[in-house]
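Single-letter residue listing:
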Amino acid sequence: MIRSEWEKHCRDPVLWDVGCANDEIRNRFVIPFLSSVLRRFRPSTVADVGCGSGYIIRALAAQEWAASVHWRLIDSSQRMLDYASTRMPASAQYTAIAADLLLDIGTDSWPRSSAVVSTFTLLEFPLNEDVVDRLARLIQSGGTLIVVIPDVLQDIISTSTLEATIKEYCAGHIALTKIDKFLRETIPFHANRFERIIECFSRIFDLITMCSTVNSKGNRYYGIVWRSRT
Ligand SMILES: C[S@@+](CC[C@H](N)C(=O)[O-])C[C@H]1O[C@@H](n2cnc3c(N)ncnc32)[C@H](O)[C@@H]1O
């Protein structure tokens, strides 16, 4: 059963995909960043947790270095997953899995991947140790985790109850609502503080292998790579 907040809001995969196609950040930063990291580590399987409409995985799967990769598309929204899987390149090997990171993912029966990717999915729920453990259990020993997130402080500054909001943010996390830039509807948004994300994952991973940032129109975006213990 699919139970995420995102599914409750029934976002349209077509609108999401159009948003991605027009999104400078995904096209100029996220896809080149993921491509350079994955090319370097040469994973045999890559899981995208919260793959959405599959725009990013599709762009990666179409690249020459990715011919032998097996892709695992994971999302709690069946609609998103159906859209993503029917548009994968014909030559790509992939499995589509409808599952919720907060409920179903990370049990012993889950297949482990040599790389796990999560782009903007950590804005969908509060980050805590349980979520980190579930993500970590998707990665083979010695594997790679790549997380892409924006700096959420700008969203927080635009709220009307600034002082109280900043206090909650400083504690690690705050739930907000905001107008989604692709869908133009008000949606729940979890502003997990950057430092909180680093702190949560450093419990599991020894070191950050790489951290890349880009600033676009006053917004900062981060790409963070961890290698799991062997
Ligand atoms: C902000 S979108 C990002 C989609 C895609 N990664 C991208 O960058 O375009 C977040 C995605 O995560 C999925 N999602 C939200 N909560 C989830 C959960 N608890 N488990 C798995 N997927 C989830 C949503 O259905 C949505 O497709």
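Structure: see above.
Residues numbered from 1 in each chain as written. Predicted model: local features only at pLDDT ≥ 70, side-chain atom pairs only at ≥ 80, totals over all residues.

Q: Run through the overall build of the chain, naming residues and quoting values.
A: Check the secondary structure of the chain and you find nine helices and nine strands. Here the C-alpha radius of gyration of the chain, 17 Å, is about what a compact globule of 230 residues would show, namely 17 Å. Oriented by its inertia axes, the alpha-carbon framework of the chain measures out at about 50 × 40 × 35 Å. Counting every position in the chain, which comprises 230 residues, the buried fraction comes to 35%. (Helix = DSSP H or I, 4+ residues; strand = E, 2+ residues; numbered from the N terminus. Rg over C-alpha atoms; globule rule 2.2 N^0.38 Å. Buried ≥ 20, exposed ≤ 12 C-beta atoms within 10 Å, placed from the backbone.)

Q: Run through the sheet that holds strand 5 (residues 139–150), naming residues and quoting values.
A: Sheet architecture is open: seven strands sit in the order 3-2-1-4-5-9-8, paired in mixed fashion. In the strand order of this sheet, the two ends are held by strand 3 (93–98) and strand 8 (207–216), each with one partner. Each strand of the sheet is rotated relative to its neighbour by a mean of 15 degrees, with strand direction disregarded. Looking at chain direction, strand 1 (residues 45–49) and strand 2 (residues 70–75) are connected through five bridges and run parallel. Bridge assignment links Ala-47 to a residue of strand 2, and that residue is Arg-72. Relative to strand 8, helix 3 (residues 24–41) is tilted by about 160 degrees, and along the sheet it contacts strand 1, strand 4 (113–119), strand 5, strand 8 and strand 9 (219–227). (Pairing = 2+ DSSP bridges. Axes fitted to C-alpha atoms, helices over the stretch in contact; angles between N-to-C directions. Contact = placed C-beta atoms within 7 Å.)

Q: Describe the site of the ligand, with residues and values.
A: Around the ligand, a shell composed of 21 residues is seen, among which Gly-50, Gly-52, Ser-76, Leu-101 and Glu-124 lie nearest. Taken together, the residues of the shell around the ligand sort by class into 11 nonpolar, seven polar and three charged. (Near = placed C-beta within 6 Å. Nonpolar A, V, L, I, M, F, W, Y, C, P; charged D, E, K, R; others polar.)

Q: An account of helix 6 (residues 129–136) is requested, with residue identities and associated values reported.
A: Inspection of helix 6 places Val-132, Leu-135 and Ala-136 among the buried residues, and these make up the whole buried set. For helix 6, the arc enclosing every buried residue in end-on projection is 100 degrees, short of the 170-degree limit, so these residues lie on one face. Summarising the contacts, the buried residues of helix 6 are in contact with strand 1, strand 4, strand 5 and helix 9 (194–202). (Arc of directions from axis to C-beta.)

Q: Summarise the pairing of strand 3; cite the residues concerned and give the values.
A: The pairing of strand 2 with strand 3 spans six bridges and is parallel. Residue Trp-71 lies in a different strand from strand 3, and its bridge partner there is Tyr-94.

Q: Describe the pairing of strand 8, naming the residues involved and giving the relevant values.
A: Sheet analysis places strand 8 next to strand 9, joined by nine bridges and oriented antiparallel. Residue Ser-212 lies in a different strand from strand 9, and its bridge partner there is Gly-223.

Q: Tell me what's going on with the environment of Arg-184, and back it up with residues and numbers.
A: Along the chain, Arg-184 turns up in the loop between strand 6 (173–179) and strand 7 (186–192). Considered as a pair, Arg-184 and Leu-15 are 169 residues apart in the sequence and their alpha carbons are 9.7 Å apart.

Q: Describe in detail the nonpolar core, supporting the description with residues and values.
A: Within the largest apolar cluster, 49 residues are counted, with the highest numbers of intra-cluster contacts made by Leu-34, Ile-56, Leu-60, Leu-73 and Val-116. Those residues in contact with Leu-34 that lie beyond four places of it in its chain are Ile-56, Leu-60, Val-117 and Ile-146. (Core = buried A, V, L, I, M, F, W, Y, C linked by C-beta atoms within 7 Å.)

Q: Explain the environment of Phe-41 residue by residue, including any values.
A: Mapping Phe-41 onto the fold places it in helix 3. Between the alpha carbons of Phe-41 and Leu-102 there is a distance of 28 Å; along the sequence they are 61 residues apart. When near neighbours in sequence (up to four residues on either side) are disregarded, Phe-41 contacts Ala-115 and Thr-144.

Q: Lay out unusual backbone geometry with the relevant residues and their values.
A: Unusually for a residue other than glycine, Phe-120 sits at a positive phi of about 65 degrees. Tracing the chain through its elements places Phe-120 in the loop between strand 4 and helix 6. Phi is positive for Arg-184, close to 60 degrees, though the residue is something other than glycine.

Q: So, the environment of Gln-140: which residues are in play, and what are the values?
A: Its location among the elements puts Gln-140 in strand 5. Taking C-alpha positions, Gln-140 is 33 Å from Cys-170, a pair spaced 30 residues apart along the chain. In this view, Gln-140 contacts Arg-112, Ser-113 and Ser-114; residues no more than four positions away in its chain are not counted.

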